[in-house]
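Chains, contacts and geometry: an overview
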Amino acid sequence: MTPLRLVFMGTPDFAVPSLRALADAGHEVVGVYSQPPRPAGRGQQVQKSPVHRFAEERGIPVRTPKSLRNAEAQAEFAALKADAAVVAAYGLILPQPILDAPRLGCLNVHGSLLPRWRGAAPIQRSILAGDAETGITIMQMDIGLDTGAMLLKGAVPITAGTTASSLHDALADMGARLIVEALDGLAAGRLTAEPQPEAGVTYAAKLTREDGRLDWTRDAAYVERQVRALTPWPGCWFDAPTPTGGVERIKVLKAELAPPDGAVMFPTLEKNTKESGLIFGKATPGTLLDDRLTVACADGAVCLTLVQRPGKAPVDGAALLRGFALPVGTRFGDAACSAGN
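Residues numbered from 1 in each chain as written. Predicted model: local features only at pLDDT ≥ 70, side-chain atom pairs only at ≥ 80, totals over all residues. Heavy atoms only, no water.

With that settled, consider the side chain of Ser112. Tracing the backbone through its elements, the reader meets Ser112 in the loop between strand 7 (106–110) and strand 8 (118–119). Excluding anything up to four places from it in sequence, Ser112 contacts Trp117, Pro122, Thr134, Gly135, Ile136 and Thr137. (Helix = DSSP H or I, 4+ residues; strand = E, 2+ residues; numbered from the N terminus. Contact = heavy atoms within 4.5 Å.)

See the structure below:
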């Protein structure tokens, strides 16, 4: 391995394993760039990013510019005389003078198998779409949005139990291994960047809180993926009517598919749906089907197995209904939802 003079640019937890791996591999990390400290948590205390904190623990100088588009910031970056810059979920656009400054360019640790899922939320979008696999691409950055030529790839399967959190951790660890390998190969002349194919391009749009609204008009498999993909951020939720005529927003932390016959795992489902005049598999999407918080979707149903009312601790679906007293047949939806409709 040829020790390199590196600049690291990253902000969240996802980037920390890559920074750690580069430092532990013997490279000289001469500077770290990260997003400025911001208010966070319930107390809204100003906090440094995970990358910022790790860099300080290792004694690495940290810069937190709000922009890299001005001449002063670009001159400071160039003065570091880096062989390469490594970028992992940094959060700022790199203008051309920054991309051109390092001798070997800027390498990005991207959480997808490019060209699929360019953009801001590749981990969540890959689960939400029902992809069979995703992975890490080490990319030579250019001025486009994740359009640069590829140096290395590694794949990770997406299973029925994969969550955004578990996939995040697996990809962060893989990215750390691959960036060390890519830098070694690039410095030794063993790696040649390969342009991305034009076919298969998709974009992972930035997530908003509204993405977490459970969409009962989709099939049950999609709704279950919503919960796995969007927990903890932006979090999944639905609006439920209260006995007093109001509406309460319920967070959904875990969900699972109801069996097709509705009776194997959920013995009260068949009984309750018949007594209320509902037919499992044909109920209007958003209808409460049993006393374990099984909800009808456009095709099939999901059981909401871990939920949380505002200001309360998480509980299973049955416990929520015992405290909420919602009858089978209740419709869940937007602010217009009402019991028994």
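Turning our eyes to something else, we now look at the sheet that holds strand 10 (residues 150–157). Pairing within the open sheet is mixed, and its 7 strands lie in the order 5-2-1-6-7-9-10. One side of each edge strand has no neighbouring strand; the edge strands of this open sheet are strand 5 (62–63) and strand 10. As defined by bridge partners, strand 1 (residues 5–10) adjoins strand 6 (residues 84–88) across 5 bridges and the pair is classed as parallel. Counted as the bridge partner of Val7 is Ala85 from strand 6. Across the sheet, helix 1 (residues 16–24) lies against strand 1, strand 2 (28–33), strand 6 and strand 7, angled at about 170° from strand 1, the strand it touches most. (Pairing = 2+ DSSP bridges. Axes fitted to C-alpha atoms, helices over the stretch in contact; angles between N-to-C directions.)

Taken as a whole and assessed by the stated rule, the structure comprises 0 disulfides. For the unlinked cysteine Cys236, the closest cysteine sulfur is that of Cys297, found at 12 Å. (Disulfide = S-S within 2.5 Å.)

Let us look at the confidence of the model for the protein chain. Summarising the model, the protein chain shows a mean pLDDT of 91, and 91% of its residues fall at 70 or more. Confidence over residues 263–277 falls short of pLDDT 50; this stretch has 29 contacts with residues more than four positions distant or in other chains. Across residues 335–341, where pLDDT falls below 50, the model places 17 contacts with residues more than four positions away in sequence or in other chains. (pLDDT = per-residue confidence, 0-100.)

Let's shift gears to the environment of Arg309. Checked against the element boundaries, Arg309 lands in the loop between strand 15 (301–308) and helix 9 (317–324). Along the primary structure Arg309 and Leu320 are separated by 11 residues, whereas in three dimensions their C-alpha atoms are 8.1 Å apart. The residues contacting Arg309, other than those within four sequence positions of it, are Glu248, Ile250, Leu320, Gly323 and Phe324. For Arg309, the side chain forms a polar contact with the side chain of Glu248, separated by 2.5 Å. (Polar contact = N/O pair within 3.5 Å; in protein donor to acceptor, adjacent residues only side chain to side chain.)

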